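Each chain, written out:
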Amino acid sequence: MAAELVAALDRHSRARGYRNRSAALADMVREALVQREWETGRGEVVGTITIVYDHETRELLDVLTDLQHHFLGAIICSTHVHLDERNCLEVIVARGRAEELKRIADRLIATRGVKHGQLACTTTGRRLA
Ligand code: NI
């Protein structure tokens, strides 16, 4: 590896609080492997969908119920937090095929009243060392 790259890796490793550069490198490899799990679409992945929405818009609850019926088994649970008088945060945990989870996230994020939404792509961990 080029000396400049090693120096950059060491800076990154220290900034993130890793014990050493190989621990930082191992996490980068795991990150790439998880991305690949999502890209190849083979096997089961896990994801969380976080949305912030205006609770005056009732549409979201209907969409959430529809999705739970349509993607039976994929949506494991959801947690609701009242952020203030109007704004709510919902975290939805889902498990299934990558394509399925992306569709669930897209549908939720595109729902009227949703101000921000994000899909965090992670893994069941079974195929990671
Ligand atoms: Ni609320």
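In what follows, the structure referred to is the one given above.
Cut-offs applied
Residues numbered from 1 in each chain as written. Predicted model: local features only at pLDDT ≥ 70, side-chain atom pairs only at ≥ 80, totals over all residues. Heavy atoms only, no water. Patch = residues over 30% accessible without salt bridge, like charges linked within 9 Å, V, L, I, M, F, W, Y side chains within 5 Å. Areas by Shrake-Rupley, 256 points an atom, 1.4 Å probe, with all protein chains shown as cover. Salt bridge = Lys/Arg side-chain N within 4 Å of Asp/Glu carboxyl O. Helix = DSSP H or I, 4+ residues; strand = E, 2+ residues; numbered from the N terminus. Donors = N, O, S within 2.8 Å, 3.2 Å for Na, K, Ca; no water. Buried < 20%, exposed > 50% of the residue type's maximum accessible area, 1.4 Å probe, protein only. Expected span 1.5 Å × (residues − 1). Arc of directions from axis to C-beta. Contact = heavy atoms within 4.5 Å. Axes fitted to C-alpha atoms, helices over the stretch in contact; angles between N-to-C directions. Parallel < 35°, antiparallel > 145°, perpendicular 65-115°, else oblique. Nonpolar A, V, L, I, M, F, W, Y, C, P; charged D, E, K, R; others polar.

1. Remarks on a nonpolar patch on the surface
A cluster of nonpolar side chains, contributed by Met1, Leu5, Leu25 and Met28, occupies part of the molecular surface with about 400 Å² of accessible area. In this fold, Leu5 is placed in helix 1 (residues 3-15).

2. A look at the coordination of the nickel ion
Around the nickel ion, the protein contributes the donor atoms His80 (NE2), His82 (ND1) and Cys88 (SG), at 2.0 to 2.3 Å from the metal centre. Ordering the donors of the nickel ion by residue number gives the pattern H-x1-H-x5-C. Looking at Cys88, the relative accessible area reads 3%, which means it is buried.

3. Details of the pattern of salt bridges
Under the criterion given, the structure shown has eight salt bridges. Where Asp54 meets Arg86, a salt bridge forms, and the shortest distance between an N and an O atom there is 2.8 Å. In this pair, Asp54 is assigned in strand 1 (residues 45-54) and Arg86 in the loop between strand 2 (75-82) and strand 3 (87-96), connecting sequence segments 32 residues apart. A salt bridge links Glu99 to Arg97, with the nearest nitrogen and oxygen atoms 3.4 Å apart. Salt bridges here are not isolated pairs; linked through shared partners, they connect Glu44, Arg95 and Arg126.

4. Describing helix 3 (residues 59-70)
For helix 3, with twelve residues, the first-to-last C-alpha span of 16 Å sits near the 16 Å given by 1.5 Å per residue. Three or more residues of helix 3 are buried, namely Leu60, Val63, Leu64 and Leu67. Relative to the axis of helix 3, the buried residues are bounded by an arc of 100° and lie together on one face. Facing away from the buried side of helix 3, by more than 90 degrees, are the exposed residues Asp62, Asp66 and His69. Against the buried residues of helix 3 lie strand 1, strand 2, strand 3, helix 4 (98-109) and strand 4 (114-123).

5. Regarding the packing of helix 1 against helix 2 (residues 21-40)
Axis separation between helix 1 and helix 2 bottoms out at 9 Å; the angle between their running directions is 90°. When the interaxial angle is binned, helix 1 and helix 2 end up roughly perpendicular. Contact residues: helix 1 offers Val6, Leu9, Asp10, His12 and Ser13, while helix 2 offers Arg21, Ala24, Leu25 and Met28. The residue makeup of the contact of helix 1 with helix 2, split by class, is five nonpolar, two polar and two charged.

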